[in-house]
Number of protein chains: 2
Amino acid sequence: MTDAWNKLVERLEELTDLYGIAGLVEWDQAVLMPSKGGASRARASATIGGIMHARLTDPAVGDLLGELEADDSLDDVQTRSVELLRREYDRETKVPAKLVRELTETTNFAYQAWTEAKPASDFAAIEPHLKKVVELKKEQADAIGYEGERYDALLDLYEPGMTSVEVETMFEELVEGLRPMVDTVLDARAPRPEFLSGNYEVDRQERFSQWLTRHIGFDADAGRLDTSPHPFTIMVGQGDIRQTTRYNESDLPSSIYATLHETGHALYDQGFPERWHDLPVGSYASLGMHESQSRMWENQVGRSRDFASFMLRELKKLFETELGSVTPDEFFEGVNYPERSMIRVEADELTYNLHIVMRFELELALFRDELEVADLPEAWNVKMEQHLGIRPGNDGEGVLQDMHWAGGMQGYFPTYSLGTIYSAALFDKANRDLGGLEGEFGKGETSRLLDWLRTNIHSKGHMLDAKDLATKVLGEQPSAQPLLDYLKGKYSDIYSITF
Amino acid sequence: MTDAWNKLVERLEELTDLYGIAGLVEWDQAVLMPSKGGASRARASATIGGIMHARLTDPAVGDLLGELEADDSLDDVQTRSVELLRREYDRETKVPAKLVRELTETTNFAYQAWTEAKPASDFAAIEPHLKKVVELKKEQADAIGYEGERYDALLDLYEPGMTSVEVETMFEELVEGLRPMVDTVLDARAPRPEFLSGNYEVDRQERFSQWLTRHIGFDADAGRLDTSPHPFTIMVGQGDIRQTTRYNESDLPSSIYATLHETGHALYDQGFPERWHDLPVGSYASLGMHESQSRMWENQVGRSRDFASFMLRELKKLFETELGSVTPDEFFEGVNYPERSMIRVEADELTYNLHIVMRFELELALFRDELEVADLPEAWNVKMEQHLGIRPGNDGEGVLQDMHWAGGMQGYFPTYSLGTIYSAALFDKANRDLGGLEGEFGKGETSRLLDWLRTNIHSKGHMLDAKDLATKVLGEQPSAQPLLDYLKGKYSDIYSITF
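Numbering of residues starts from 1 in each chain and follows the order in which that chain's sequence is written. For naming, the first written chain is A and the first written ligand is 1, with later ones following in the order written. Under the rules for a predicted model, residues below a pLDDT of 70 receive no local features and side-chain atom pairs below 80 are neither given nor counted, while totals for whole chains, interfaces and linings still include all residues. Processing note: side-chain calculations cover all non-hydrogen atoms of the structure and skip hydrogens and water entirely.

Colleague: Help me understand the overall build of chain A in this model?
Modeller: Helix and strand assignments come from DSSP, with helices taken as H or I runs of at least 4 residues and strands as E runs of at least 2, each series counted from the N terminus. From N to C terminus, chain A includes 21 helices and 3 strands. To get the radius of gyration, use the C-alpha atoms; to get the globule rule, take the number of residues to the power 0.38 and multiply by 2.2 Å. Computed over C-alpha atoms, the radius of gyration of chain A comes to 23 Å, within 12% of the 23 Å expected from 2.2 N^0.38 for 499 residues, which places it in the range of a compact globule. When the backbone C-alpha atoms are referred to their principal axes, chain A occupies close to 65 × 50 × 50 Å. To sort residues, take the accessible area from a 1.4 Å probe on protein chains only and compare it with the maximum for the residue type: under 20% means buried, over 50% means exposed, and anything in between is partly exposed. Here chain A, with 499 residues, has 58% of them falling under the buried criterion. Areas reported here follow the Shrake-Rupley algorithm with a probe of radius 1.4 Å; residue values treat only the protein chains shown as occluding. In the form shown here, chain A has an accessible surface area of approximately 20000 Å², with 47% of it arising from carbon and sulfur atoms. One finds the centroid of the 51 positive side-chain charges in chain A at a distance of 2 Å from the centroid of its 88 negative side-chain charges. Under the counting rule used here, the positive set is Lys and Arg, the negative set is Asp and Glu, and His together with the chain ends is not counted. Charge placement uses NZ in Lys and CZ in Arg. For Asp and Glu, CG and CD serve respectively.

This is the structure we're talking about:
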């Protein structure tokens, strides 16, 4: 039956190529496409997307999968690859073409409406669009199918193998620990360090980011770091992983932590086994696991006392005037400065997950038919008060702030917090396995951590779903406890709090 | 029959999108792809090429063409579009898939062998590859078919509608005028101006190129100017024309004239009617016509006394130390400095076409079965002595210098000189139509010329083949005479020669 396998591999190679080309098309659009190229680029993206869909759902792929599923001579990698492709093939073929088209059109219109509704703080303008999106997402979930509940099908698009109830349980534990912690920390908080606002020449910020990403292990011969308004990381091909960051003259930490975050993603992408490049197993275990890598380099490494002090020493070489008098304590405190804020993407490490949990709760209520789209704004404001103790002044800084819902990305939000939970749990395990990591961070040495991640996470690709991979590495089911412990440790260190 | 037309337009839109995507893939590879991305990029390029070929040669396209060819209600643009697509469809379907594969493989191997044979000056190493390429190109020509002779079929790939005999006649006239002129000019030549070698900071060269391309009309919101080892221009999408140039610290004219040359190509690409973007008529008339646009901005504009003096004034603002004492006369003389040289890509305006003509003569002899591949090196050296009066010291600076033959691009070379011939003839006509162009060049004003080109050439797209378009615009068949007159005028001006 190697014949069927070889034929499947040919198909997979073509799909990998198309996937990389679509990645390049998207990267170029965000990073350097001239403004007047927008309309033709939108159509070209749709064309390449259509071709990918047609090639993936070609009945010949289904036939090959059937043949290989009946073949008991396949090895583990082959078996898992067939299993993963089957999931994708079924998902893409089960949803009727008409629904796919409707979803694309509706989310395009909804997204367009959102770009105008957000600045105008006008929920009514987007409500009918959002209603239709939710209806169609329900239809999509039903077409895909699920064992437990509807939302599971959507979650599965981003976090395969994870159920709504499992997420709910983990997030409840997280909130229970987090809410009192936020109160305690904010009570003990010192004034905002002054260096957080300043004037930091962009060219030098860029030189620092280019140095930093290489310093912690990004292979710049096998990728690039560029600039775009919204930082992201994308696979263009084997040996070609593109990450972006952004520079704000008045906000130095913003570029540093965006770069560390994206480098975390990029290191994961650069760590998949080369021989699996064209196989479904040679990719990430889930978006949550991807996010765990970015969060770990951004937070557990980048916002640690030791690594922050190492970075400060290096930064002073470039920003002598601006940072000359800043102490390691001040810098550490500054890059961890906690605040109650309205906007998720500006939230700090302490409060961020509360923003996520409330979005998850609202999505879940929508898909459990316990909440109507029309009632979202009020439900949002109530949740904000409940979780963060503040109430948005208008919907623009409230329910309209993110593009995800208009974009039809229901089920995506929880992966942000799952990633944060995984990152703390995995870092805790690495530190116990290896010992003394943070001490090395003070000298800017992070290679033992990277090796551990390469061995335990990156090299495993998608042989296991994220939850199973985490369980195997941790020796127990992942939970929010390590994240809570980590945050307690950090803030008791900064503000001498006893929890 | 609008139904068939609409269906064809849908196909054409998809092909245009794929063509643009393939352009982006190529552009990115040359401009900024990280080195380790090469292998996967090569495969991705082949994949997108294969998909384009499959979509173009889909029998449904042939059916639509047949239906539309029988439809007498089509307008001129539709009729011409059907005619152009038919040419391409026939060419792509007539050549057997086996031969296409063999050609791709053979030229890949030959190109690889060439990259090693050239520095080693080892013709024997590439001879068997080249033999096979020529055999396959003969098969390809026979499969495509021709009216006159075999070489016509290859020429037609790049210069549709032009025959070998027509090119031969034009080139004979060119050589007859050019060879004595070269002798006369080189006898009268003054010493090489010193500013031609110097130290010109690359950042400032780049600032100049970015300014220059916009100054003469390149819309930088609808394209980009970047850097690559071999300058080129490529269409990525409507409103997205990418050109590249190169910078050499010790050679200022090199970047300036590469930029002017590529801007000429880019202005042509930016000048096709928007409404024709997805139709075969909305593209260039031939590679020769494309080259005429680049040559005109590089030579008739950029190397004119008046525009050179305008550029010198602007350059002095950036290179005060380096160019402060250079006079307009010296600068004009320097950027037109003629030499007998071995290498085509380094040749000046006066001698360049002799390099081309000898390649054309050798190609023609090969495809008329009057020359064997084994005899190419000696034939090359004889031609060099005959046309340029110098003999290569080895094959590396002789017959092995260009990649075209290993790459299977037989039939391409003549378009370089056809372009030069067109450029002089068209510029002469524009100058007669408009009057006083060169005077305006002294003030850096070139917009009347661009408008004339937009009206007479760019906006016509591929409604006519290049030769017919040139004949219509000129009011007579294009010939080498205007080019000869132009060169005589220039060099009698520089060195006070009476021809």
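Colleague: Which parts of the structure should I look at to understand the packing of aromatic side chains?
Modeller: Geometrically, a pair of aromatic rings is defined through the distance of the ring centres and the angle of the planes. Residues and elements named next belong to chain A. Think of it this way: a Phe, Tyr or Trp ring, Trp meaning its six-membered ring, pairs with another when their centres are within 6.5 Å, and the plane angle makes it stacked under 30 degrees, edge-to-face over 60, tilted otherwise. Under the criterion given, the structure shown has 38 aromatic pairs over all chains. Look at Trp 405 and Phe 413: their rings are 6.1 Å apart centre to centre, the planes differ by 85°, and that puts the pair in the edge-to-face class. Of the two residues, Trp 405 and Phe 413, neither departs from the other in class, the shared state being buried. Here a set of aromatic residues connected by ring pairs shows up, and it is made of Tyr 158, Tyr 352, Trp 380, Trp 405, Tyr 412, Phe 413 and Tyr 416.

Colleague: Would you mind going over the relation of the copies chain B and chain A with me for this structure?
Modeller: Think of it as a corkscrew move, a rotation about one axis and a shift along it, taking one chain copy to the other. For this overlay, a least-squares fit was computed on C-alpha atoms, restricted to residues scoring pLDDT of at least 70 in both copies. With an axial shift of 0.0 Å and an RMSD of 0.0 Å, the rotation relating chain B to chain A amounts to 180°. Such a turn and shift between the copies fits a two-fold axis. Most of the interface of chain B is mirrored in chain A: 100% of its interface residues are interface residues there too. Here, residues are in contact when the closest pair of their heavy atoms is within 4.5 Å.

Colleague: Help me understand the sheet that holds strand E1 (residues 223-227) of chain A in this model?
Modeller: Hydrogen bonding along the main chain pairs the strands of a sheet, whether they run parallel or antiparallel. Residue and element names in this part refer to chain A. Pairing between two strands is assigned when DSSP locates at least 2 bridges connecting them. As summarised here, the arrangement of the 3 strands in space is E1-E3-E2, forming an open sheet in which the pairing is mixed. The outermost strands of the open sheet, each flanked by one partner alone, are E1 and strand E2 (233-237). On average, adjacent strands in this sheet sit at an angle of 25° to one another, irrespective of strand direction. The sheet contact formed by E2 and strand E3 (residues 240-245) spans 4 bridges and is antiparallel. Its bridge partner being in E3, Ile 234 is matched across the sheet by Arg 242. For every element, the axis is a line fit to its C-alpha atoms; helices are fit only across the contacting stretch, and the angle between N-to-C directions ranges from 0 to 180 degrees.

Colleague: Got a minute to help me understand the domain arrangement of chain A in this structure?
Modeller: Think of interface size as the accessible area that goes away when the parts come together; that is how it is often given. Residues and elements named next belong to chain A. Note that the domain bounds reflect an automated or database-derived domain assignment. On domain assignment, one finds that chain A holds domain 1 (1-94) and domain 2 (145-499). Relative to domain 2, the C-alpha centre of domain 1 lies at a distance of 29 Å. Of the residues lining the interface, 22 residues belong to domain 1; the matching set on domain 2 comes to 24 residues. Note: buried area is the sum, over both parts, of the accessible area (probe 1.4 Å) each one loses when the two are combined. Of the roughly 1900 Å² buried between domain 1 and domain 2 on both sides combined, carbon and sulfur atoms contribute 66%. Throughout this description, the term salt bridge denotes a Lys or Arg side-chain nitrogen within 4 Å of a carboxyl oxygen of Asp or Glu. Summed over the shared surface of domain 1 and domain 2, the number is 2 salt bridges. Among the ionic pairs, Asp 465 bridges to Arg 87, the shortest N-O distance being 2.6 Å. Pairs of N or O atoms are called polar contacts if they sit within 3.5 Å, as long as, within protein, a hydrogen donor faces a hydrogen acceptor (for residues adjacent in sequence, only side-chain-to-side-chain pairs). Taken together, the links from domain 1 to domain 2 amount to 4 residue pairs in polar contact (both at pLDDT 80 or more).

Colleague: Any chance you could explain empty space enclosed by the protein here in plain terms?
Modeller: Empty space left among the atoms is revealed by rolling a probe the size of a water molecule over them. Cavity and pocket criteria rest on a 1 Å grid covering protein atoms alone: a 1.4 Å probe that fits but cannot get out defines a cavity, protein on both sides within 12 Å along at least 5 of 7 lines defines an open pocket, and an atom within 4 Å of a point defines a lining residue. Grid points are joined across faces, edges and corners, and a volume is the space filled by probe spheres set on the points. Using the criterion set out here, one finds 5 cavities of 30 Å³ or more in the structure. Its volume calculated, the largest cavity comes out at about 100 Å³. Lining the largest cavity are 16 residues, with Ser 40 and Ala 44 of chain A together with Gly 20, Val 236 and Gly 237 of chain B sitting closest to its centre. For the lining of the largest cavity, the element with the most residues is helix H1 (residues 2-31) of chain B, which contributes 5 residues.

Colleague: Can you help me understand unusual backbone geometry in this one?
Modeller: Where the residue is not glycine, phi is negative for most of them; where a peptide bond is considered, it is trans in most cases. One non-glycine residue, Asp 369 of chain A, lies in positive phi territory at about 60°. With respect to the helices and strands, the residue Asp 369 of chain A is situated in the loop between helix H15 (352-367) and helix H16 (376-388).

Colleague: Teacher, can you tell me more about the interface of chain B and chain A here?
Modeller: On the chain A side, the residues contacting the 36 residues of chain B number 36 residues. Residue Arg 41 of chain A pairs with Asp 240 of chain B through a salt bridge whose shortest N-O separation is 3.3 Å. In this assembly, chain B and chain A are joined by 24 residue pairs in polar contact (both at pLDDT 80 or more). Every element with two or more residues in the side of chain B that touches chain A is listed here: H1, helix H2 (38-56), strand E1 (223-227), strand E2 (233-237) and strand E3 (240-245) of chain B. Top element by residues in the side of chain B that touches chain A is H1 of chain B. It accounts for 10 residues. Across the side of chain B that touches chain A, the residue classes break down as 14 nonpolar, 9 polar and 13 charged. Here the nonpolar group is Ala, Val, Leu, Ile, Met, Phe, Trp, Tyr, Cys and Pro; Asp, Glu, Lys and Arg are the charged ones; every other residue, Gly included, is treated as polar.

Colleague: Would you explain the sheet that holds E3 of chain B in this entry?
Modeller: Residue and element names in this part refer to chain B. The 3 strands lie next to each other as E1-E3-E2, forming an open sheet whose pairing is mixed. Sheet topology places E1 and E2 at the edges, where each strand pairs with a single neighbour. For this sheet, the mean inter-axis angle between neighbouring strands, taken without regard to orientation, is 25°. As defined by bridge partners, E1 adjoins E3 across 5 bridges and the pair is classed as parallel. Within E3, the position partnered with Thr 227 by the bridge is Thr 245.

Colleague: When you look at the pattern of salt bridges in this model, what are you seeing that I'm missing?
Modeller: Within the structure shown, the criterion is met by 87 salt bridges over all chains. Between Asp 17 of chain B and Arg 43 of chain A there is a salt bridge, and its shortest N-O distance comes to 3.0 Å. Of the two residues, Asp 17 of chain B is situated in helix H1 and Arg 43 of chain A in helix H2 (residues 38-56); the pairing between them involves two chains. Residues joined in a network through salt bridges with shared partners are Arg 11, Glu 14, Arg 55 and Asp 58 of chain A.

Colleague: Just checking my understanding: could you explain the environment of Leu 8 of chain A for this structure?
Modeller: Residue position: Leu 8 of chain A is located in helix H1 (residues 2-31). Judged by relative accessible area, which is 0%, Leu 8 of chain A ranks as buried.

Colleague: Looking at this model, I keep getting lost on the confidence of the model for chain A. Mind explaining?
Modeller: Model confidence for chain A is summarised by a mean pLDDT of 96, while 100% of its residues fall at 70 or above. Overall fold confidence for the complex sits at a pTM of 0.95, while the interface term, ipTM, reaches 0.94. pLDDT: the predictor's confidence for each residue, scored from 0 to 100.

Colleague: In this structure, what is going on with the packing of helix H17 (residues 414-434) of chain B against helix H19 (residues 447-456) of chain B? I would like to understand it.
Modeller: Helix-helix packing is described using two parameters, namely the angle between the two axes and the distance between the axes. Residue and element names in this part refer to chain B. H19 packs onto H17 with a crossing angle of 115° between their chain directions and a minimal axis gap of 11 Å. The orientation of H17 with respect to H19, classified from their angle, is roughly perpendicular. As for how H17 packs across H19, the hand of that crossing is right-handed. The residues of H19 that touch H17, namely those facing Leu 426, Phe 427, Lys 429, Ala 430, Asp 433 and Leu 434, are Arg 448, Leu 449 and Trp 452. Here is the rule for angles: anything less than 35 degrees is roughly parallel, anything more than 145 is roughly antiparallel, 65 through 115 is roughly perpendicular, and the remaining ranges are oblique. Handedness of a crossing follows from how the near helix is turned relative to the far one, being left-handed for an anticlockwise turn of less than a right angle and right-handed for a clockwise one.

Colleague: I would appreciate a short explanation of the side chain of Asp 17 of chain A in the present structure.
Modeller: Given a relative accessible area of 5%, Asp 17 of chain A falls into the buried group. Those residues in contact with Asp 17 of chain A, other than ones at most four positions away along the chain, are Ser 40, Arg 43, Ala 44 and Thr 47 of chain B.

Colleague: So what exactly am I meant to see when it comes to H15 of chain A here?
Modeller: The end-to-end C-alpha distance of H15 of chain A, which contains 16 residues, comes to 23 Å, matching closely the 22 Å that a straight helix rising 1.5 Å per residue would cover. Positive backbone phi, at 60°, marks Asp 369 of chain A, one or two positions downstream of H15 of chain A. For a helix, the expected span equals 1.5 Å multiplied by the number of residues minus one.

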